Amino acid sequence: MSGKETNYSPDQATAVRTWGDNLLVAAAAGSGKTFTLIERILHNIREGRCRIDELMVATFTNAAAAEMRTRIEKKLAVEAAGDPAMAAQLVRLPGASISTLHAFCQALVRQNFAALDVDPRFRLGSEQEMALLKDRVVTDLFEAEYEAGNPDFLQFVWQYGDDRGDESLHAIVLRLHELARSQADPESWLASLADDFAPAPAESLTALPWYEEIRGEARRTLLRVRDCLTYLMAQAPKLDCDAYVPAFENDAAQIDDLLARLNKEPYDELRQAFLSVSFQNQKAVKGVDEATKKFFQKLRDNEVKKGIKRLQADYFAATEAEVRQDLLAAAPVMRAVTGLTRLFSEAFQQAKKKKSVLDFNDLEHFALRLLKDDEFARTLRTRYREVMVDEYQDTNGVQEAILQRLANGHNLFTVGDIKQSIYRFRMADPNLFRQKQAACLAAKPAGKLVSLTENYRSRPGILAAVNFLFSQVMTAPEMEIGYGPSEALYAKGVFPETTGPDFAPAPVEVALLEENADAPAVEDDEGEEGLSGFAAEAAWIAGRLRDLYDSRVQVFDKDAEAYRPVRWRDMAVLLRAVRGKAQILLEALQARGIPAYATVDAGYFEEIEVKRML
């Protein structure tokens, strides 16, 4: 090991030093993901495997790219003082490809505008500008379709529209366009949607793509019902209601039978099994109070019976022949929707071209078009000795296609954490990460998997609470992934002892604020009316932060490597959504003398006056 290298954990060492194979690093929160990525870059440079400008490094944000470049520059500067080779790398750093994937694609498009028939002076449109342009294009498209009087289009309007306007129909087309543009081949993807509504005569209903969704929902419901019955059977003897157990056992036997049939029965036979479920009456029990009787009855009715009845009504009401007829009847409407989406995409592209403006999806698809040329892709593969991707869990289908064309089959280094995937609403596809992770575990030629689960950021008390909470709520298949020992966080951070007050006695607090909607408003000591709803939560948060600050709780400053009293900038309040709450919270904080600001995304075009004008 080079004397310049840090002592790594065994897993970090594998991630840093492995060469000549695709590598997927599943890096949990606080595991030193960025540190490991930077150390890998420096290690490969020291080993003479590549120059800094022979790496393609893609980050998720511009800020992350800038931070990574700065950290690499600082480390190179230290080593360059006594090493001419590292000094040469420092000189090459400004030309290194360390950027977001969109910035990388933008550079490709600008360098090859002629091959793409793109105005070399193009600019990137803002989110608000693109939203306005989409609205204009889809409105014009619908007006043209009304004038043409296409029967399938009119059927689509009749079935899915309402008497308040076409906004809901516009939303369907815009959503489909957005989904299609996240695919490597939007046209083929749209065509496949319509094809699924016209199954071949010999094609079973169970072979259609959404049947797996139906089966998955049925399995989740049945497992939930089965868990409830297990609980009921355990509670009945404890509450002297043994007579209820036979009915619960009969329910459980039927649920077990349905679970066994799910994966092997043809649809009609499975349907008949669901419709044949019957529930025995609970035997009368003497000497048991009404509250206990209602407890068992209500739980069985709401969780068991309603769960089965919902599956019967939603998924197994019709025979396979009836479902097939419904699909065929819907096929023309589906063709109309996908056709409208294609027309919209074409018109939207033309509208952007007239304005010499592109959006982020354009950058990706234009870059992929260039990379589909084998000679062009071969040139870039020769240039980049390794392709490195941060936050891989938030990539989509077209981005994955770009990466596969850039890599040579054994030089793709990806790092991420599927538990931290938060951009599915922006068409990120975390299944790409999960599928690659599963392939690596199955020893398929997808590459090697390294899991970083040691947390260097947080104290054991914090991690224990996180592990406890998510091991309860993050379960497969309901949450798509589980939270077991391989997903848990293990404390490895070192924090010196402190003599002052700190967070050790209660690293995690849960505050439950009770609210009685029927209670009259009361006045506090200053004559103010009592608070309710989020205002009460905001007041409590402000009071708790004020108490922490005034008590001079000690926090460890990693830059100063010493303890100091907590400061306002050490505190943050996270909300599920800021709209309608940020201002209330800000006022509560300011009332307690706490300096604060909120990040609100509403912007100019969201103001009600502007929206009315538009």
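### A few points about unusual backbone geometry
Here is step 1: Positive phi, normally seen in glycine, also occurs at Ser356, with a value near 55 degrees.
Here is step 2: Within the secondary structure, Ser356 sits in the loop between helix H15 (320–354) and strand E5 (357–358).
Here is step 3: A positive phi angle, near 55 degrees, is found at Glu561, a position not held by glycine.

### Details of the packing of aromatic side chains
Here is step 1: Scanning the entire structure with this criterion turns up 22 aromatic pairs.
Here is step 2: One Lys or Arg, Arg459, reaches over the ring of Phe495 and ends 4.3 Å from the middle of that ring.

### Things to note about the sheet that holds strand E8 (residues 448–452)
Here is step 1: Taken in spatial order, the 6 strands make up an open sheet running E3-E2-E6-E7-E1-E8, and their pairing is parallel. Two strands in the sheet have a free side with no partner beyond their single neighbour: strand E3 (97–100) and E8. Averaged over neighbouring strand pairs, the angle between their axes works out to 15 degrees when direction is ignored.
Here is step 2: Strand direction decides the pairing type here: strand E2 (residues 55–59) and strand E6 (residues 386–389), joined by 4 bridges, are parallel. Bridge pairing in E6 places Ala58 opposite Val389.
Here is step 3: Contacting strand E1 (23–27), strand E7 (412–416) and E8, helix H19 (residues 431–441) runs over the sheet at an angle of about 115 degrees to E1.

### As for helix H10 (residues 186–195)
For the α-helix, the turn length of 3.6 residues means that residues three or four positions removed from each other point alike.
Here is step 1: All of the buried residues along H10 are Pro186, Leu190, Leu193 and Ala194. An end-on view of H10 places all buried positions within 95 degrees of arc, on one side of the element.

### Some points on a negative patch on the surface
Here is step 1: A contiguous patch of negative charge, built from Asp268, Glu269, Glu322 and Asp326, is present on the exposed surface.
Here is step 2: Elements represented by at least two residues in the negative patch include exactly helix H13 (267–275) and H15.
Here is step 3: Within the secondary structure layout, Asp326 lies in helix H15.

### Looking at the side chain of Arg300
Here is step 1: Relative to the elements of secondary structure, Arg300 occurs in helix H14 (residues 290–315).
Here is step 2: For Arg300, a relative accessible area of 2% gives the class buried.
Here is step 3: Of note is the side chain of Arg300, whose polar atom sits 2.8 Å from the side chain of Asp251.
Here is step 4: Here the side chain of Arg300 touches Gln280 through a polar contact of 2.9 Å, landing on its backbone oxygen.
Here is step 5: The contacts of Arg300, once residues within four sequence positions are left out, are Leu232, Ala247, Phe248, Asp251, Phe279, Gln280, Asn281, Gln282 and Lys305.

### What about the pairing of E1?
Regular strands place their side chains on alternate faces of the sheet.
Here is step 1: Most of E1 sits inside the fold, with 5 of its 5 residues counted as buried.
Here is step 2: Along E1, one buried face is formed by Leu23, Val25 and Ala27 and the opposite face, lined by Leu24 and Ala26, is buried too.
Here is step 3: Here 4 bridges tie E1 to E7, and the two strands are oriented parallel to one another. Looking at E7, one finds that Leu23 is bridged to Phe413.
Here is step 4: The pairing of E1 with E8 spans 5 bridges and is classified as parallel. Across the sheet, Ala27 pairs through a bridge with Leu452, a residue of E8.

### Topic: the environment of Arg552
Here is step 1: Mapping Arg552 onto the fold places it in the loop between helix H21 (533–550) and strand E11 (554–557).
Here is step 2: Of the residues examined, Arg552 reaches a relative accessible area of 52% and is grouped as exposed.
Here is step 3: Once the C-alpha coordinates of Arg552 and Arg564 are considered, the two residues, 12 residues apart in sequence, prove to be 8.4 Å apart.

### Considerations on the pattern of salt bridges
Here is step 1: According to the stated counting rule, one finds 39 salt bridges in the structure shown.
Here is step 2: For Arg51, the salt bridge goes to Asp53, with nearest N and O atoms at 3.1 Å.
Here is step 3: Asp257 is the salt-bridge partner of Arg261, the closest N and O atoms lying 2.8 Å from each other. Here the residue Arg261 and the residue Asp257 both occupy positions in helix H12 (residues 245–261), the gap between them amounting to 4 residues, near one helical turn.
Here is step 4: Residue Arg261 is classed as partly exposed on the basis of its relative accessible area of 25%.
Here is step 5: Each of Arg51, Asp53, Glu54 and Arg92 takes part in a single network of salt bridges with overlapping partners.

### What about the nonpolar core?
Here is step 1: Core analysis: the largest hydrophobic core is formed by 60 residues, its most contacted members being Phe142, Phe156, Leu222, Leu229 and Phe274.
Here is step 2: The greatest single-element share of this core, amounting to 10 residues, is contributed by H15.
Here is step 3: Core analysis: the next-biggest nonpolar cluster, separate from the first, contains 44 residues, Met56, Ala58, Val109 and Cys440 among them.

### Things to note about the confidence of the model for the chain
Here is step 1: Within the chain, residue pLDDT values average 90, and 93% of them lie at 70 or more.
Here is step 2: Considering only residues more than four positions removed or in separate chains, one finds that residues 519–529, a stretch of pLDDT under 50, has 7 contacts.

### Overview of the state of the cysteines
Here is step 1: The tally for this structure, following the rule as stated, stands at 0 disulfides.
Here is step 2: The cysteine Cys241 is free of any disulfide, with Cys228 supplying the nearest cysteine sulfur at 15 Å.
Here is step 3: Take Cys241: its relative accessible area is 0%, and that puts it in the buried class.

### Looking at the side chain of Arg546
Here is step 1: Its location among the elements puts Arg546 in helix H21.
Here is step 2: A distance of 2.9 Å separates the side chain of Arg546 from the backbone oxygen of Arg592, its partner in a polar contact.
Here is step 3: For Arg546, the contacting residues outside a window of four places in its chain are Trp568, Arg592, Gly593 and Ile594.

### Some details on helix H17 (residues 374–383)
Here is step 1: Of all the residues in H17, the buried ones are Phe376, Ala377 and Leu380. Down the axis, H17 shows its buried residues gathered within 95 degrees of arc, on one side only.
Here is step 2: Of the surrounding elements, those touching the buried residues of H17 are helix H5 (101–111), helix H16 (360–371) and helix H18 (397–406).
Here is step 3: Capping the start of H17, Asp373 holds a side-chain oxygen 3.1 Å from the backbone nitrogen of Glu375, two or three residues further along.

### Some words on a nonpolar patch on the surface
Here is step 1: On the surface, Phe468, Leu469, Phe470 and Val473 cluster together into a nonpolar patch covering about 390 Å² of accessible area.
Here is step 2: Position of Phe468 relative to the elements: it lies in helix H20 (residues 460–473).

### Quick word on the packing of helix H9 (residues 167–181) against H10
Working note: a packed helix pair is described by the angle between its axes plus the distance between those axes.
Here is step 1: Relative orientation of the contacting elements H9 and H10 amounts to 125 degrees, with a least axis distance of 8 Å. Classified by the interaxial angle, the pair formed by H9 and H10 is oblique. Judged by the twist between their axes, the crossing of H9 over H10 is right-handed. Packed against H9, whose contacting residues are Leu176, Leu179, Ala180 and Arg181, the element H10 presents Pro186, Trp189, Leu190 and Leu193 at the interface.
Here is step 2: A class-by-class count of the residues in the contact of H9 with H10 yields 7 nonpolar, no polar and 1 charged.

Criteria and thresholds
- Residues numbered from 1 in each chain as written.
- Predicted model: local features only at pLDDT ≥ 70, side-chain atom pairs only at ≥ 80, totals over all residues.
- Heavy atoms only, no water.
- Helix = DSSP H or I, 4+ residues; strand = E, 2+ residues; numbered from the N terminus.
- Phe/Tyr/Trp six-rings, centres within 6.5 Å; stacked < 30°, edge-to-face > 60°.
- Lys NZ or Arg CZ within 6 Å of the ring centre and 35° of its normal.
- Pairing = 2+ DSSP bridges.
- Axes fitted to C-alpha atoms, helices over the stretch in contact; angles between N-to-C directions.
- Contact = heavy atoms within 4.5 Å.
- Buried < 20%, exposed > 50% of the residue type's maximum accessible area, 1.4 Å probe, protein only.
- Arc of directions from axis to C-beta.
- Patch = residues over 30% accessible without salt bridge, like charges linked within 9 Å, V, L, I, M, F, W, Y side chains within 5 Å.
- Areas by Shrake-Rupley, 256 points an atom, 1.4 Å probe, with all protein chains shown as cover.
- Salt bridge = Lys/Arg side-chain N within 4 Å of Asp/Glu carboxyl O.
- Lys, Arg positive; Asp, Glu negative; His and termini not counted.
- Charge placed at Lys NZ, Arg CZ, Asp CG, Glu CD.
- Polar contact = N/O pair within 3.5 Å; in protein donor to acceptor, adjacent residues only side chain to side chain.
- Core = buried A, V, L, I, M, F, W, Y, C linked by side-chain atoms within 4.5 Å.
- pLDDT = per-residue confidence, 0-100.
- Disulfide = S-S within 2.5 Å.
- Parallel < 35°, antiparallel > 145°, perpendicular 65-115°, else oblique.
- Left-handed = near helix turned anticlockwise from the far one by under 90°.
- Nonpolar A, V, L, I, M, F, W, Y, C, P; charged D, E, K, R; others polar.

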